[in-house]
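Working through the structure, step by step
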Amino acid sequence: MIRYSLICERKHDFEIWFKNSADFDKQSKRGLVACPACGSAKVEKAIMAPRISSSKKRKAPTEAPAPMAAVPAPENAPVAMISPQEHEFRAKLKELRDHLTKNAENVGGKFPEEARKMHYGEIEHRSIYGEASPQDAKELHEEGIEFHPIPVLPDERN
């Protein structure tokens, strides 16, 4: 799995997971990648800083980090009027999310562990959802364990 930072023509930035870079290219060419804020299918990859891991253990800081200054809320926020088709698509995504969370067990941060146990036959298969880090998602994918991100709509974020 690969996570791309994307930006639409209206400068909304968002992230989406793809199976691989070719998957992003295919979906983008077919107009299947759309901005969750405005629905625009005109999106491109945003500049991303690479995540570099090191085999060295990092030392804990000796001082507590300085608190971050509060960021003032912008005076204007992006808004959109969506077409009936986009409204229906958004409703279907919400319906999918609601169905998954209603009919599956929330295993929280134990998702990778539980998914592996089911995949390798250690426990009976059941519907679950939870949380996984990007590294956990990559490892699950490399092991051939099928899973999917749960759609999050902009107005559902805290």
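What counts, and at which threshold
- Residues numbered from 1 in each chain as written.
- Predicted model: local features only at pLDDT ≥ 70, side-chain atom pairs only at ≥ 80, totals over all residues.
- Heavy atoms only, no water.
- Core = buried A, V, L, I, M, F, W, Y, C linked by side-chain atoms within 4.5 Å.
- Buried < 20%, exposed > 50% of the residue type's maximum accessible area, 1.4 Å probe, protein only.
- Helix = DSSP H or I, 4+ residues; strand = E, 2+ residues; numbered from the N terminus.
- Contact = heavy atoms within 4.5 Å.
- Axes fitted to C-alpha atoms, helices over the stretch in contact; angles between N-to-C directions.
- Parallel < 35°, antiparallel > 145°, perpendicular 65-115°, else oblique.
- Nonpolar A, V, L, I, M, F, W, Y, C, P; charged D, E, K, R; others polar.
- Pairing = 2+ DSSP bridges.
- Salt bridge = Lys/Arg side-chain N within 4 Å of Asp/Glu carboxyl O.

A word on the nonpolar core
A general tendency of soluble globular proteins is for nonpolar side chains to be buried together. Listed in full, the 10 residues of the largest apolar core are Y4, L6, C8, F14, F18, F24, V33, C35, C38 and V43. At the level of elements, strand 1 (2–8) and strand 2 (13–18) are the ones that each hand at least two residues to this core. Apart from the residues within four sequence positions on either side, V33 is in contact with L6, I16, F18, Q27, S28, S40, A41 and V43. Judged by nonpolar contacts, the second largest core, of nine residues, contains F111, M118, I128 and F147.

Focus: the packing of helix 3 (residues 111–119) against helix 4 (residues 134–142)
In contact at an axis separation of 10 Å, helix 3 and helix 4 are set at 10 degrees when each is read in the N-to-C sense. When the interaxial angle is binned, helix 3 and helix 4 end up roughly parallel. Across the interface between the two elements, F111, P112, A115 and R116 of helix 3 pack against D136, E139 and L140 of helix 4. Residue composition of the contact of helix 3 with helix 4, by class: four nonpolar, no polar and three charged.

Some thoughts on the pairing of strand 2
In this structure, strand 1 lies alongside strand 2, joined through six bridges in antiparallel fashion. When the sheet's bridge partners are listed, I7 is paired in strand 2 with D13. What sits between the antiparallel neighbours strand 1 and strand 2 is a turn of four residues, in which K11 has the positive phi angle 70 degrees.

Quick notes on the pattern of salt bridges
Inspection of the entire model under this criterion finds nine salt bridges. Of the charged contacts, one joins K94 and D98 as a salt bridge, the two residues approaching to 3.1 Å between their closest N and O atoms. Highlighted residues: K94 and D98, both in helix 2 (residues 84–103), separated by four residues, approximately one helical turn. Taking the shortest distance from any N to any O, the salt bridge between R126 and E114 comes out at 2.8 Å. On the criterion of sequence distance, the pair formed by R126 in the loop between helix 3 and strand 5 (128–130) and E114 in helix 3 is long-range, its members being 12 residues apart.

Overview of the sheet that holds strand 3 (residues 43–45)
Read from one edge to the other, the open sheet built from three strands follows the order 2-1-3, with strand pairing classed as antiparallel. Since the sheet does not close on itself, it has two edges, and those belong to strand 2 and strand 3, each with one partner. Mean inter-strand twist for the sheet, computed between neighbouring axes without regard to direction, equals 40 degrees. On top of the sheet, helix 1 (residues 21–29) reaches strand 1, strand 2 and strand 3; it is set at about 35 degrees to strand 1, its chief contact.

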